[in-house]
Amino acid sequence: MNRPANSVLLIEDEPKIRRFLRAGFELQGYSVIEAESATEGLKATALSAPGLIILDLNLPDLHGAEVLERIRSWSNVPVIILSIVSSEDEKVRLLQAGADDYVVKPFGMAELLARSNAALRRYFKSATENPVVVAGPLSVDLVTRTVSLNKQPLRLTRKEYSLLHILATHVGLVVTHDQLLKDIWSGNQRDNIQYLRILVRKLRQKIETDPNHPRLLVTESGVGYRLQARLEDIAAG
């Protein structure tokens, strides 16, 4: 599928991985900028203003988490983390620090491209302040607070809508358990993930064709939940 060219900055110290990433992104119409160190990456971010950053955590001169912190101090460009570490605590920490997504090595290029496209859609949707979020057959109007499924009105409880609203404003991206609990509940419930799981199950009963095999509201194991922007992105969920 043809798409407008976007610039992507690869901050990765391994030449083989950079070549692999360059080939995949260029096939999808991206222009690619390469940096093999944190210092080069920060400089390229400032000078080239890329539309997307792919950031490896294990860089020779500075840890990727500190690079992310520096970028977030002045830019909201979408950043996707690459790491060999699959620790759930690490994923949560980086997502809370401002990463848009987290991909564990080894990974498939199709998965990374799907997550990259989702991050860019979220970024540009925010920039244009589009009040209607569409996720497959689901439509959420953030202004009128109305929801439809397959063009039919859908009635939700207040908390079900609160959950869907948060996921819709981050469509295509993972939202952590902690963020959802904090935004939906107050008091003791804020620390009880079981409340969130029950609410997710109830919402899935209303929006999924098969709630036991969800395709719209998917689980990021140990981290949080994601509202898929398109059903074909399920491979990345």
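Residues numbered from 1 in each chain as written. Predicted model: local features only at pLDDT ≥ 70, side-chain atom pairs only at ≥ 80, totals over all residues. Heavy atoms only, no water.

Side note on the confidence of the model for the protein
Averaged over every residue, the pLDDT of the protein is 87; the share at 70 or more is 89%. Highest mean pLDDT in the protein belongs to strand β3 (residues 52-56) (97); lowest belongs to helix α5 (residues 109-128) (81). Here residues 1-5 is a poorly scored stretch, pLDDT under 50, and it has 7 contacts once near neighbours within four places are set aside; other chains count. Segment residues 233-237 is flagged for pLDDT under 50; beyond a separation of four residues in sequence, or across chains, it makes 17 contacts in the model. (pLDDT = per-residue confidence, 0-100. Helix = DSSP H or I, 4+ residues; strand = E, 2+ residues; numbered from the N terminus. Contact = heavy atoms within 4.5 Å.)

Considerations on unusual backbone geometry
In the segment running from K105 into P106, the intervening peptide bond is cis, with an omega of -5 degrees. Along the polypeptide, P106 turns up in the loop between β5 (101-104) and α5. One non-glycine residue with positive phi stands out, namely A49, at about 45 degrees. You can call A49 exposed: its relative accessible area is 56%. (Buried < 20%, exposed > 50% of the residue type's maximum accessible area, 1.4 Å probe, protein only.)

Some points on the pattern of salt bridges
Taken as a whole, this structure holds 15 salt bridges when the rule is applied. One salt bridge connects R22 with E26, and the closest N-O pair in it is separated by 2.6 Å. Residue R22 and its partner E26 are both found in helix α1 (residues 15-27); the two are separated by 4 residues, about one turn of the helix. When its relative accessible area of 27% is taken as the criterion, R22 is described as partly exposed. A salt bridge links E220 to R115, with the shortest nitrogen-to-oxygen separation between them at 3.6 Å. Of the two residues, E220 is situated in strand β11 (residues 217-220) and R115 in helix α5; the sequence distance between them amounts to 105 residues. Across the pair, exposure class does not vary: E220 and R115 are buried alike. In this structure, a network of salt bridges that share partners links the residues R18, R22, E26, E34 and E36. (Salt bridge = Lys/Arg side-chain N within 4 Å of Asp/Glu carboxyl O.)

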